[in-house]
Amino acid sequence: MVYVKWVFWGAFWIIIFAFLNYTLPQHDIARITDTYEKRVDFGENSIFWANSSSGNAAAPKNRDVFFIQAFRTNDKPMIYRNEDTGWGWPPYFKFDTSNLQAEASDLISKRSAGEAQWVSITHYGWRNEFLSIFPNAISVKRVEGPDVRIIPWLNIVILTLMAALFWGIWARWKKFWTRREKRKFDEYTDGWG
């Protein structure tokens, strides 16, 4: 029975960690090499794409999606999709896809050291070549160089609040069970004295 408990709690925390890792904003330092638009047919991986009804009259089977190609500081390619999130989840309320695509196009640079423009691409989501899923770019900002360090203040605040919430629930749960056990013990030992 102890193993079942540990498997349950392990699975619970893995799901929480995966959810937070997917939805919280991340910052990549990269060099944008191209931007383009592509018609995408949604299949099994449709849960990893933004809400299709953002700005559309009906939920289409396929649609045009903006993409941003970049190379990170380790010279590995990274492709970002650029879609509105609308009012859905995750709650980034992104409605400026076209503006972001124009900003990204303006920041395109070549590999040569004199021409390279480094940017911080804020995004959420994962990149998986096998499942054809891409992180969704939220914003693009020019930075000084490839060694810039971005402090994720929003993530720190959200994780601190979540830790405080979990600790508060756990403390009250523990207190509840302690009082309940004490009450049972008092009922059981009543009249012994």
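Higher on the page you've got the structure.
Undergrad: Please clarify how the overall build of the chain should be interpreted in this entry.
TA: Broken down by element type, the chain carries 3 helices and 5 strands. Across the 193 residues in the chain, those meeting the buried criterion constitute 31%. Within the chain, contacts between residues at least 6 apart in sequence are counted, and of these 65% link residues at least 24 apart. Here the chain has roughly 13700 Å² of accessible surface; of this, 62% comes from carbon and sulfur atoms.

Undergrad: Hey, could you run me through the layout of surface pockets in this one?
TA: Over the atoms, a rolling probe the size of a water molecule traces out where space has been left empty. Space inside the largest pocket adds up to approximately 310 Å³. Lining the largest pocket, in full, are Lys5, Trp9, Phe12, Trp13, Phe166, Trp167, Ile169, Trp170 and Trp173. Listing elements by their share of the lining of the largest pocket, those giving two or more residues are helix 1 (2-23) and helix 3 (153-189). Here the lining of the largest pocket takes 5 residues from helix 3, the largest share from any one element. Residues of the lining of the largest pocket, tallied by class, amount to 8 nonpolar, no polar and 1 charged.

Undergrad: Help me understand the packing of aromatic side chains in this model?
TA: Ring pairs (aromatic) are described by centroid distance and by the angle formed between their planes. This model, assessed by the stated rule, comprises 15 aromatic pairs. A centroid spacing of 5.2 Å and a plane angle of 75° characterise the contact between Phe67 and Phe134, whose relative ring orientation is edge-to-face. Here Phe67 is found in strand 2 (residues 62-72), whereas its partner Phe134 is found in the loop between strand 4 (119-124) and strand 5 (136-142), with 67 residues between them in sequence. Exposure remark for Phe67: the relative accessible area of 1% places this residue in the buried category. Ring geometry for Trp173 and Trp177: centres 5.8 Å apart, planes at 70°, overall edge-to-face. Linking Trp173 with Trp177, this pair stays in helix 3, spanning 4 residues, or about one helical turn. For Trp177, a relative accessible area of 33% corresponds to the partly exposed category. Lys38 extends its terminal NZ or CZ atom over the ring of Phe67, reaching a point 5.8 Å from the ring centre.

Undergrad: Explain unusual backbone geometry here, please?
TA: The general pattern is negative phi for most residues beyond glycine and trans for most peptide bonds. Each neighbour pair has its own omega, and for Trp89 with Pro90 the value is -5°, a cis peptide bond. One can find Pro90 in the loop between strand 3 (77-82) and helix 2 (97-106). If you check the backbone angles, Ser132 has positive phi at about 55° while not being a glycine. Structurally, Ser132 can be placed in the loop between strand 4 and strand 5. Ser132 sits in the partly exposed class, given a relative accessible area of 36%.

Undergrad: Whenever I open this one, the pairing of strand 3 confuses me. Can you help?
TA: Sheet faces and side chains relate simply in a regular strand, where the side chains alternate between the two faces. A large share of strand 3 lies buried, amounting to 5 of its 6 residues. Alignment of strand 2 against strand 3, held across 6 bridges, turns out to be antiparallel. Looking at the pairing, Phe67 lines up with Arg81 of strand 3. Counting the residues that bridge the hairpin from strand 2 to strand 3 gives 4 residues, and of these Asp75 lies at a positive phi of roughly 65°.

Undergrad: Just to check I follow, could you spell out a positive patch on the surface for this structure?
TA: Together, Arg172, Lys175, Arg179, Arg180 and Arg183 line one region of the surface with positive charge. Examined against the element boundaries, Arg172 turns out to sit in helix 3. Judged by relative accessible area, Arg172 falls into the exposed class, the value being 59%.

Undergrad: Help me understand the nonpolar core, please; the structure alone is not making it clear to me.
TA: Across soluble globular proteins, you tend to see nonpolar side chains buried next to one another. Counting residues in hydrophobic clusters, the biggest one holds 13 residues, and the most contacted among them are Ile32, Ile68, Tyr80, Val119, Ile121, Ala137 and Val140. Where this core is concerned, the elements lending two or more residues are strand 1 (26-41), strand 2, strand 3, helix 2, strand 4 and strand 5. When sequence neighbours within four positions are dropped, the list of residues in contact with Val140 reads Ile32, Leu100, Glu103, Leu107, Val119, Ser120 and Ile121. In this structure, Val65, Phe67, Ile79 and Phe134 belong to the second largest nonpolar core, which totals 5 residues.

Quick notes on the rules
- Residues numbered from 1 in each chain as written.
- Predicted model: local features only at pLDDT ≥ 70, side-chain atom pairs only at ≥ 80, totals over all residues.
- Heavy atoms only, no water.
- Helix = DSSP H or I, 4+ residues; strand = E, 2+ residues; numbered from the N terminus.
- Buried < 20%, exposed > 50% of the residue type's maximum accessible area, 1.4 Å probe, protein only.
- Contact = heavy atoms within 4.5 Å.
- Areas by Shrake-Rupley, 256 points an atom, 1.4 Å probe, with all protein chains shown as cover.
- 1 Å grid on protein atoms, 1.4 Å probe; cavity = no way out; pocket = protein on both sides within 12 Å on 5 of 7 lines; lining within 4 Å.
- Points joined across faces, edges and corners; volume = space filled by probe spheres on them.
- Nonpolar A, V, L, I, M, F, W, Y, C, P; charged D, E, K, R; others polar.
- Phe/Tyr/Trp six-rings, centres within 6.5 Å; stacked < 30°, edge-to-face > 60°.
- Lys NZ or Arg CZ within 6 Å of the ring centre and 35° of its normal.
- Pairing = 2+ DSSP bridges.
- Patch = residues over 30% accessible without salt bridge, like charges linked within 9 Å, V, L, I, M, F, W, Y side chains within 5 Å.
- Salt bridge = Lys/Arg side-chain N within 4 Å of Asp/Glu carboxyl O.
- Lys, Arg positive; Asp, Glu negative; His and termini not counted.
- Charge placed at Lys NZ, Arg CZ, Asp CG, Glu CD.
- Core = buried A, V, L, I, M, F, W, Y, C linked by side-chain atoms within 4.5 Å.

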